[in-house]
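Residues per chain, in single letters:
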Amino acid sequence: MDIPKFNLELVPLSDEAEKVMGFQWADPDVGSRSKLGGQPEGISAEDAPVCPSCAETMTFLCQIDSVGDDLVFADVGIVYVYICFGCFEAKAFVNSG
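Remember, predicted model here, so these are calculated numbers, not experimental data. Position numbers for residues start from 1 in each chain and track the written sequence from start to end. Predicted model: local features are reported for residues with pLDDT of at least 70 only, side-chain atom pairs are reported and counted for 80 or more only, and whole-chain, interface and lining totals are derived from all residues. Only hydrogens and water are removed before side-chain values are computed, so all heavy atoms of the structure are retained for them.

A. Seen up close, the packing of aromatic side chains. Paired rings are identified among Phe, Tyr and Trp, the last through its six-membered ring, by centres lying within 6.5 Å, and are further divided according to the angle between planes into stacked (under 30 degrees), edge-to-face (over 60) and tilted (the rest). Using the criterion set out here, one finds three aromatic pairs in the structure. Seen from their ring centres, phenylalanine 60 and tyrosine 82 are 5.7 Å apart, and the 65 degrees between their planes marks the pair as edge-to-face. Within this pair, whereas phenylalanine 60 is found in strand E3 (residues 59-65), its partner tyrosine 82 is found in strand E4 (residues 78-83), the two being separated by 22 residues in sequence. Residues tyrosine 82 and phenylalanine 93 carry aromatic rings whose centres are separated by 5.9 Å and whose planes lie at 10 degrees to one another, so their mutual orientation is stacked. One end of the pair, tyrosine 82, is in strand E4; the other, phenylalanine 93, is in strand E5 (residues 90-95), with 11 residues separating them in the sequence. What links up through ring pairs into an aromatic cluster is the set Phe60, Tyr80, Tyr82 and Phe93. Secondary structure elements follow DSSP: runs of H or I of four or more residues count as helices, runs of E of two or more count as strands, with numbering from the N terminus.

B. Summary view of the pairing of E4. The buried count for E4 comes to six of six residues, which makes it a mostly enclosed element. Relative accessibility decides the category of a residue: with a 1.4 Å probe and only protein chains considered, values under 20% of the type maximum give buried, values over 50% give exposed, and everything between is partly exposed. Here E4 shows a buried face lined by Ile78, Tyr80 and Tyr82 and a second buried face lined by Val79, Val81 and Ile83. Two strands qualify as a pair provided that DSSP identifies no fewer than 2 bridges between them. Two elements, E3 and E4, share six bridges in a ladder whose sense is antiparallel. If you follow isoleucine 64 over to E4, its bridge partner there is valine 79. Across six bridges, E4 lies against E5 in antiparallel orientation. Across the sheet, isoleucine 83 pairs through a bridge with alanine 90, a residue of E5.

C. The arrangement of the nonpolar core in detail. By convention a nonpolar core is built from buried Ala, Val, Leu, Ile, Met, Phe, Trp, Tyr and Cys residues, the set being connected through side-chain atoms within 4.5 Å. In this structure, Ile43, Ala48, Cys51, Met58, Phe60, Ile78, Tyr80, Tyr82 and Cys84 together form the largest nonpolar core, which totals nine residues. Apart from the residues lying within four places of it in its own chain, the contact partners of methionine 58 are Ala48, Pro49, Val50, Cys51, Tyr82, Ile83, Cys84, Glu89, Ala90 and Lys91. Here a residue-residue contact requires only that any non-hydrogen atoms of the pair lie within 4.5 Å.

D. Spatial organisation of the side chain of serine 34. Take serine 34: it is sitting in the loop between helix H1 (15-20) and strand E2 (35-36). By relative accessible area, serine 34 is classed as buried at 2%. Counting of polar contacts relies on pairs of N or O atoms within 3.5 Å, with two restrictions inside protein: one atom must be capable of donating a hydrogen and the other of accepting it, and residues adjacent in sequence are counted only when both atoms are side-chain atoms. A polar contact of 2.9 Å, which involves the side chain of serine 34, links it to the backbone nitrogen of aspartate 65. Among all residues touching serine 34, those that are not within four sequence positions of it are Asn7, Leu8, Leu10, Gln63, Ile64 and Asp65.

Here it is in structure tokens:
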């Protein structure tokens, strides 16, 4: 099952959150790559994890981008989340590819 693509915009909800947003040295697109569904960016389909319960390939759920220089995942990486809709298992990992 593929999930249709939805863009996710990270909106700071406090002064503290506002302070950690933004990058001094990263590429301009870093910080705006969060989304729900569609295809993961930087991860190939054959790298999708397998459900530990049923051994089926898991469905890409979302990716959450690094937020700023003070809230960065690895080297301006992305957290990827996959789900098995049959077993409701989830797996997340970071790629800074």
